[in-house]
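Residue strings, one per chain:
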Amino acid sequence: MRSGLLRRLIDPAHFLRIDMKTLVAMLSYGNRTHLSDPAFRRASQWASQHGYSALLVKDPLHRAGERPHFGKLRLPEVAPCYDRYLILDDDLFITAKAPALPETPPDCVALAPDAEQRHTSNPLVRWTGNTGFILIHRQSLDLFHKAIDAEEDPTIWGIADQGALNGV
């Protein structure tokens, strides 16, 4: 069943499989090809340069009752065979000169700092990460599950996945 779901989610024209270690995935729901076509073309070329697999997901992955943003946190459920995942928003453009992904501790989620830092008042969050760029190892996927199960926290900047992931 899972492989059938994966085939349905993947547009073969947007799938490039190089290795099974790192997956660079971009989620783009709705009529956003003006963003996703050029952004994914750049992301997949960059991924190829560094030996990563690339995937563009056009069908929503979130479950009933969840905000669409949570689809990013559900991506490993439909592509479970990778060691680490880079999950990108469809409006993020990667230059061909971008370096390979850094090595990160396998027990955390790496996020790019959000441009907006003044709205988080939760003292446990030293800075707010933006979920338009998520790097996570398979060993840390429990953090995605905790974020999905968390309630929204108004003391952390960002709705849905951003607030929840910064909270865990």
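Anything mentioned here points back to the structure above.
This is a predicted model, so every value here is computed, not measured.

Conventions and cut-offs
- Residues numbered from 1 in each chain as written.
- Predicted model: local features only at pLDDT ≥ 70, side-chain atom pairs only at ≥ 80, totals over all residues.
- Heavy atoms only, no water.
- Helix = DSSP H or I, 4+ residues; strand = E, 2+ residues; numbered from the N terminus.
- Buried < 20%, exposed > 50% of the residue type's maximum accessible area, 1.4 Å probe, protein only.
- Contact = heavy atoms within 4.5 Å.
- Areas by Shrake-Rupley, 256 points an atom, 1.4 Å probe, with all protein chains shown as cover.
- 1 Å grid on protein atoms, 1.4 Å probe; cavity = no way out; pocket = protein on both sides within 12 Å on 5 of 7 lines; lining within 4 Å.
- Points joined across faces, edges and corners; volume = space filled by probe spheres on them.
- Polar contact = N/O pair within 3.5 Å; in protein donor to acceptor, adjacent residues only side chain to side chain.
- Core = buried A, V, L, I, M, F, W, Y, C linked by side-chain atoms within 4.5 Å.
- Pairing = 2+ DSSP bridges.
- Salt bridge = Lys/Arg side-chain N within 4 Å of Asp/Glu carboxyl O.

A. Structural view of the overall build of the chain. Scanning the chain from terminus to terminus reveals 5 helices and 6 strands. Starting at the N terminus, the α and β elements of the chain follow one another as α-β-β-α-β-α-β-β-β-α-α. Across the 168 residues that make up the chain, the buried fraction comes to 43%. Considering only intrachain contacts with a sequence separation of at least 6, the fraction spanning at least 24 residues in the chain is 74%. Summed over its atoms, the accessible surface of the chain is roughly 9000 Å², and 55% of this surface lies on carbon and sulfur atoms.

B. Seen up close, the layout of surface pockets. Of the volumes computed, that of the largest pocket is approximately 450 Å³. Looking at the largest pocket, it is lined by 17 residues, and the ones nearest its centre are Val125, Trp127, Leu165, Asn166 and Val168. Mapped onto the lining of the largest pocket, the elements with two or more residues apiece are β5 (109-113) and α5 (160-167). In terms of residues, the lining of the largest pocket owes the most to one element, α5, which gives 3 residues.

C. Summary view of the side chain of Asp90. Structurally, the position occupied by Asp90 is in the loop between β4 (84-89) and β5. In terms of polar contacts, Asp90 uses its side chain to reach the side chain of Ser28, at 2.7 Å. Setting aside its immediate chain neighbours within four residues, Asp90 contacts Met26, Leu27, Ser28, Arg32, Leu35, Ser36 and Ala39.

D. Main features of the nonpolar core. Membership of the largest hydrophobic core comes to 24 residues, with the highest contact counts inside it found for Leu23, Leu73, Leu75, Tyr85 and Phe144. By residue number, the principal contributor to this core is helix α4 (residues 141-149), which donates 4 residues. Residues in contact with Phe144, not counting those within four places in the same chain, are Lys72, Leu73, Pro76, Ile87, Ile134, Ile136 and Leu165. Core analysis: the next-biggest nonpolar cluster, separate from the first, contains 16 residues, Met26, Ala47, Leu56 and Leu86 among them.

E. Focus on the pairing of β4. Of all the 6 residues making up β4, 5 are buried; the element is thus mostly covered by neighbouring parts of the structure. Bridging between strand β2 (residues 22-27) and β4 involves 6 bridges; their strand directions are parallel. What sits directly across from Ala25, in β4, is Ile87. By the bridge criterion, 5 bridges tie β4 to strand β6 (residues 129-137) in an arrangement that is antiparallel. Along β6, the bridge assignment pairs Arg84 with His137.

F. Structural detail: the pattern of salt bridges. A full pass over the atoms with the stated rule returns 9 salt bridges. The shortest N-O distance in the salt bridge between Arg32 and Asp90 comes to 2.6 Å. Within this pair, whereas Arg32 is found in the loop between β2 and α2 (33-49), its partner Asp90 is found in the loop between β4 and β5, the two being separated by 58 residues in sequence. What makes Arg32 partly exposed here is its relative accessible area of 30%. Its relative accessible area of 4% is what places Asp90 among the buried residues.

Bear in mind that shape data such as this cannot, by itself, settle questions of function.
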